[in-house]
Amino acid sequence: MQKPRKIPERMCAGCKERRPKRELWRVVRSPQGEVSLDATGKKSGRGAYLCPKNACLAQAKKRGSLARALECAIPDEVYAAMADELARLAPAGEEPCAKPAEKPAAGKAAQKQTGRPASKAAKPAGALE
Ligand SMILES: [Zn+2]
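As the structure is a computational prediction, the values presented were derived from the model and not from experiment.

Right, let's talk about the overall build of the protein for a bit. Across its full length, the protein carries four helices and five strands. Looking at the protein alone, contacts between residues at least 24 apart form 50% of all its contacts between residues at least 6 apart.

Structure follows, in structure tokens:
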């Protein structure tokens, strides 16, 4: 039998919602004063939390709430790193063509139309229409 464990919650510096800690990013200020994104949640230092979402990142930057939480300035490159990370994570649910397999016929047709290799024209179908 498993005992119900209390899930630690933290507040997002962007939307101010409380969420399970593991769903949030931890931004940490090291004892040396270096601010970085701590994806593992294991770095030592003072931490602040943020939903891995563009909206929360933008809010935290605009309001300076992340900087306030860490009591220091957040360098632009840290925000940039987080934006990069977001782009890389790109939640599958938001991509219209996140299907595992595409029909070969559709792919061929697209290639004929653009005359380019599919790798360069890998935009979600219908996104531009
Ligand atoms: Zn949030």
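Spatially, three strands are ordered 4-3-5 in an open sheet, and the strand pairing comes out antiparallel. In this open sheet, the two strands that pair with only one neighbour each are strand 4 (35-38) and strand 5 (46-50). Direction aside, neighbouring strands of the sheet carry axes that sit 30 degrees apart on average. By the bridge criterion, four bridges tie strand 3 (residues 25-29) to strand 4 in an arrangement that is antiparallel. In the sheet register, V27 faces strand 4, and the bridge partner there is L37.

So, about unusual backbone geometry. The backbone of K16 shows a phi angle near 65 degrees, a positive value even though the residue is not glycine. Even without being a glycine, E71 presents a positive backbone phi close to 55 degrees. Relative to the helices and strands, E71 is located in the loop between helix 2 (65-70) and helix 3 (76-89). Taking the number of C-beta atoms within 10 Å as the measure of exposure, E71 has 9 and is therefore exposed.

Side chains that are nonpolar tend, in soluble globular proteins, to be buried together. Ranked by size, the top nonpolar core spans 18 residues in total, and within it A13, V27, A48, Y49, L50, L66 and L70 carry the most contacts. Taken together, the elements giving at least two residues each to this core come down to strand 3, strand 5, helix 1 (54-63), helix 2 and helix 3. In this structure A48 touches A13, V27, L66, A69 and L70, once residues within four positions along its chain are discounted.

What follows is about the packing of helix 1 against helix 3. Running from amino to carboxyl end, helix 1 crosses helix 3 at an angle of 170 degrees, the nearest separation of the two axes being 10 Å. The angle between helix 1 and helix 3 places the two elements in the roughly antiparallel class. On the side of helix 1, the interface is formed by N54, L57 and K61, while helix 3 contributes Y79, M82, A83 and L86.

Among the residues making up helix 1, those that are buried are C56, L57, A60 and K61. Projected down its long axis, helix 1 shows its buried positions confined to an angular sector of 130 degrees, all on one face. The exposed residues of helix 1 that point more than 90 degrees off its buried face are A55 and K62. Packed against the buried residues of helix 1 are strand 5, helix 2 and helix 3. Among the residues trailing helix 1, G64 stands out with phi positive, at a value near 70 degrees.

Reading the values: the criteria
Residues numbered from 1 in each chain as written. Predicted model: local features only at pLDDT ≥ 70, side-chain atom pairs only at ≥ 80, totals over all residues. Helix = DSSP H or I, 4+ residues; strand = E, 2+ residues; numbered from the N terminus. Contact = placed C-beta atoms within 7 Å. Pairing = 2+ DSSP bridges. Axes fitted to C-alpha atoms, helices over the stretch in contact; angles between N-to-C directions. Buried ≥ 20, exposed ≤ 12 C-beta atoms within 10 Å, placed from the backbone. Core = buried A, V, L, I, M, F, W, Y, C linked by C-beta atoms within 7 Å. Parallel < 35°, antiparallel > 145°, perpendicular 65-115°, else oblique. Arc of directions from axis to C-beta.

This is a description of form; function is not addressed.
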